[in-house]
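Structure assessment
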Amino acid sequence: MNNNKIDILLGLQWGDEGKGKVVDALTPNYDIVTRFQGGPNAGHTIEFGGKKFVLHNIPSGVLTPGCVNIIGNGVIIEPHILKGEIEGLQKAGFDLHDTLLIANRAHLILPTHRAMDAANEKALGKMKVGTTLKGIGPTYTDKTARRGVRIGDIRSDNFREKYEQLKQIHLRQIAGMDFDMQGFQLDGVDFADYEKLWFEGIEFLKQFQFIDCEYYINDALDKGKKVLAEGAQGSMLDIDFGSYPFVTSSNVIAAGVCSGLGVAPSRIGKVYGIFKAYCTRVGTGPFPTELFDETGEQLRQNGHEFGATTGRPRRCGWLDLPALKYAVMLSGVTDLMMMKSDVMDDFEIIKVATSYRYQGQETPNLPFAACTETMEPVYREFPGWKEKIEDGKQKTEGRISEALEAYIKFIEEYVGVPIKFVSYGPDRTQNILRP
Ligand code: GDP
Ligand code: IMO
Ligand code: MG
């Protein structure tokens, strides 16, 4: 055994920070990339050479030849969606038979989990979470309730029985809700037909290697292999520390890596934390720095802020430093990465929230009430940098504009962690490394 550690990359806001792009850019330094939580609620975009890929269940190391990609035990899998994703990559020339490994202990999202997700959202009415309707909440609920079905079960003789048993539980629950199961469709397909597609997905997945990822990853680390854990969603959507109940149903912070892969806390190495130079959120829930004006629209248009999974317009607003600092604290972030600085290239003025006003007092912390109430932000203003970083320029001149550098330094000082990586475009090469 040696002292080799697993590195982690996490979203520090409400998701969609650009994790896919950065994981892909970092993958040449790693032998293994692994997801540890979440499921097809994630949409991770990777662009290079004018091509664009969006990954949902598969780790973002998959586009780098030779990299092994693991779907860890903490992830939940929708077989039909995963099949489609694998086939799409195959068509694009990426064969995953030797490079995709799936943890036996990963739980399955059943079609009825997705129906439950829709039924729950309907029942919540105005208080709905605005989920991705991928069955995330109900699947993690069944995992915790100790009645879930796992990848390792699909080769067993009684798999169909286990499936039926769980399906019947769901149907009984749904029958007690105001929800029309007869007319229910999944991705435009009638439920009964979708169920067939789901089972085709199950058969399809049997060609892949199922592993005990806790042994696989610890052995790989022992042998000196470089491993990167890829987070999904963002810290403010964490089941414990996000704006509950407007959150996802897994631990997306660094702690989730330990339970989501079977790796001890002492084996965690670098923690890369990634954030946009502003903020976005999809779905319901408080968003203190949200902008409802032209500036918000400008962020949405310049940043193409429309969901990679659902296509929904993302809510946009200024950078929220108390929330960022909170996320850095929760995961012990060692290196920060700032994304999408280019989106504000033409802004005259840029604001960042440095504290909140709550019950007549100013506070740099997130009070408990911030889960459900929108705090009033206190802003600091910066002049815009009004300059576009040109590809290759930073390599020859070794600098970024003074105004952007001032913005970066302010964030670093506020949060107490260096920003090592600045991304100024969607392509995997559009990055500046800072010393
Ligand atoms: P993820 O879920 O964290 O992987 O992020 P998404 O893929 O959902 O959303 C990020 C979006 O921003 C994608 O469309 C990326 O191609 C794009 N993107 C990533 N980094 C940058 C950047 O620095 N500038 C711009 N303009 N777009 C970026
Ligand atoms: P990536 O990995 C942004 C949001 C949903 C909803 C809440 C709960 O691409 O950053 P769920 O379907 O998980 O039960 O929805 O979480 N959400 C995301 N928002 N990016 C994501 O993933 C998200 N995954 C879930 O919009 O508000
Ligand atoms: Mg996304």
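Going by the structure above, here's the rest.
Reading the values: rules and limits
- Residues numbered from 1 in each chain as written.
- Chains lettered and ligands numbered in written order.
- Predicted model: local features only at pLDDT ≥ 70, side-chain atom pairs only at ≥ 80, totals over all residues.
- Heavy atoms only, no water.
- Helix = DSSP H or I, 4+ residues; strand = E, 2+ residues; numbered from the N terminus.
- Rg over C-alpha atoms; globule rule 2.2 N^0.38 Å.
- Buried < 20%, exposed > 50% of the residue type's maximum accessible area, 1.4 Å probe, protein only.
- Expected span 1.5 Å × (residues − 1).
- Arc of directions from axis to C-beta.
- Contact = heavy atoms within 4.5 Å.
- Donors = N, O, S within 2.8 Å, 3.2 Å for Na, K, Ca; no water.
- Near = heavy atom within 4 Å.
- Polar contact = N/O pair within 3.5 Å; in protein donor to acceptor, adjacent residues only side chain to side chain.
- Areas by Shrake-Rupley, 256 points an atom, 1.4 Å probe, with all protein chains shown as cover.
- 1 Å grid on protein atoms, 1.4 Å probe; cavity = no way out; pocket = protein on both sides within 12 Å on 5 of 7 lines; lining within 4 Å.
- Sits in = over half its atoms within 2 Å of the grid points.
- Nonpolar A, V, L, I, M, F, W, Y, C, P; charged D, E, K, R; others polar.
- Points joined across faces, edges and corners; volume = space filled by probe spheres on them.
- Axes fitted to C-alpha atoms, helices over the stretch in contact; angles between N-to-C directions.
- Left-handed = near helix turned anticlockwise from the far one by under 90°.
- Pairing = 2+ DSSP bridges.

Let's talk about the overall build of the protein
- Helix and strand counts for the protein stand at 12 helices and 22 strands.
- Expected size for 435 residues packed as a compact globule is a radius of gyration near 22 Å; at 22 Å, the protein falls within 12% of this value.
- Projected onto the principal axes, the alpha-carbon positions of the protein cover approximately 65 × 50 × 40 Å.
- Counting over 435 residues, the protein shows a buried share of 58%.

Quick notes on helix H5 (residues 159-175)
- The terminal C-alpha atoms of H5, which comprises 17 residues, lie 24 Å apart, in line with the 24 Å expected from a rise of 1.5 Å per residue.
- If you check which residues of H5 are buried, you get Phe-159, Tyr-163, Leu-166, Lys-167, His-170 and Ile-174. Burial along H5 is one-sided: seen end-on, the buried residues are contained in an arc of 105°. For H5, exposure combined with an orientation more than 90 degrees from the buried face picks out Glu-161, Gln-165, Arg-172 and Ala-175.
- Elements that come into contact with the buried residues of H5 comprise strand E8 (107-108), helix H3 (111-124), helix H4 (136-144) and helix H6 (191-205).

Structural notes on the coordination of the magnesium ion (ligand 3)
- Taken together, the protein ligands of the magnesium ion (ligand 3) are Asp-16 (OD) and Gly-43 (O), with distances of 2.1 to 2.2 Å. Taken together, the positions of Asp-16 in the loop between strand E1 (6-11) and helix H1 (19-26) and Gly-43 in the loop between strand E2 (32-35) and strand E3 (44-48) put the pair 27 residues apart, joining distant regions of the chain.
- A residue is classified by how much of its surface remains accessible, and Asp-16, at 22% relative accessible area, is partly exposed.
- Judged by relative accessible area, which is 10%, Gly-43 ranks as buried.

Description of the site of ligand 2
- Near ligand 2 you find 21 residues, and of these Asp-16, Lys-19, His-44, Thr-132 and Thr-248 are the closest.
- At 3.4 Å from an oxygen atom of ligand 2 is found a main-chain nitrogen or oxygen belonging to Gly-130.
- Separating an oxygen atom of ligand 2 from a backbone N or O atom of Val-282 is a distance of 3.1 Å.

Quick notes on the side chain of Thr-64
- With respect to the helices, strands and loops of the structure, Thr-64 is situated in the loop between strand E4 (51-55) and strand E5 (68-71).
- A relative accessible area of 16% places Thr-64 in the buried class.
- The residues contacting Thr-64, other than those within four sequence positions of it, are Asp-24, Thr-27 and Pro-28.

Observations regarding the site of ligand 1
- Of all residues adjacent to ligand 1, which total 19 residues, the nearest are Gly-18, Lys-19, Thr-45, Asp-342 and Ser-423.
- In the model, an oxygen atom of ligand 1 is placed 2.8 Å from a nitrogen or oxygen of the Gly-43 main chain.
- Alone, ligand 1 offers 580 Å² of accessible surface; in the complex the protein occludes 94% of this.
- Counting atoms within 2 Å of the grid points, the majority share of ligand 1 lands in the second largest pocket.
- Secondary-structure elements contributing two or more residues to the shell around ligand 1 are H1 and E3.
- When its residues are assigned to classes, the shell around ligand 1 shows four nonpolar, seven polar and eight charged.

Examining the layout of surface pockets
- As a volume, the largest pocket reaches approximately 720 Å³.
- For the largest pocket, the lining is made up of 39 residues, of which Val-129, Thr-131, Thr-132, Val-247 and Thr-248 are closest to its centre.
- Where the lining of the largest pocket is concerned, the elements lending two or more residues are H3 and H4.
- When residues of the lining of the largest pocket are assigned to their parent elements, the largest contribution, four residues, is made by H3.
- There is about 560 Å³ of room inside the second largest pocket.
- In this structure, the second largest pocket is lined by 28 residues; those nearest its centre are Thr-45, Glu-47, Gly-303, Lys-340 and Pro-426.
- Every element with two or more residues in the lining of the second largest pocket is listed here: H1, E3 and E4.
- Sort the elements by how many residues they give to the lining of the second largest pocket and E3 lands first, with four residues.

Regarding the packing of H5 against H6
- Interaxial distance between H5 and H6 falls to 13 Å at its minimum, and their mutual angle equals 140°. Crossing angle aside, the handedness with which H5 passes H6 is right-handed. Note on element contacts: H6 touches H5 through Glu-195, Trp-198, Phe-199 and Ile-202, opposite Phe-159, Arg-160, Tyr-163 and Lys-167.
- Tallied by class, the residues present in the contact of H5 with H6 amount to five nonpolar, no polar and three charged.

Section: the pairing of strand E12 (residues 227-230)
- Alternating residues of E12 divide into Val-227 and Ala-229 and Leu-228 and Glu-230, and every residue in both groups is buried.
- Looking at chain direction, E2 and E12 are connected through four bridges and run parallel. Paired with Ile-32 across the strands is Val-227, a residue of E12.

A few points about the environment of Val-75
- One can find Val-75 in the loop between E5 and strand E6 (76-77).
- Looking at Val-75, the relative accessible area reads 0%, which means it is buried.
- Separated by 262 residues in sequence, Val-75 and Met-337 have C-alpha atoms that sit 24 Å apart.
- With residues near it in sequence (within four places) discarded, Val-75 still touches Arg-35, Phe-36, Gln-37, Gly-38, Gly-39, Asn-57, Ala-106, His-107 and Tyr-140.

Considerations on the sheet that holds strand E21 (residues 419-423)
- Spatially, E11-E7-E5-E2-E12-E1-E13-E17-E21-E22 is the arrangement adopted by the 10 strands of the open sheet, whose pairing is mixed. In the strand order of this sheet, the two ends are held by strand E11 (209-211) and strand E22 (431-433), each with one partner. Within this sheet the neighbouring strands show an average axis-to-axis angle of 25°, counted without direction.
- Set on the sheet, helix H12 (residues 402-415) makes contact with strand E13 (268-276), strand E17 (335-339) and E21; between it and E17 the angle comes to about 140°.

A word on H4
- Every buried residue of H4 is accounted for by Ile-136, Pro-138, Thr-139, Tyr-140 and Asp-142.
- Tucked into the core, H4 has its buried residues touching E6, E8, H3 and H5.

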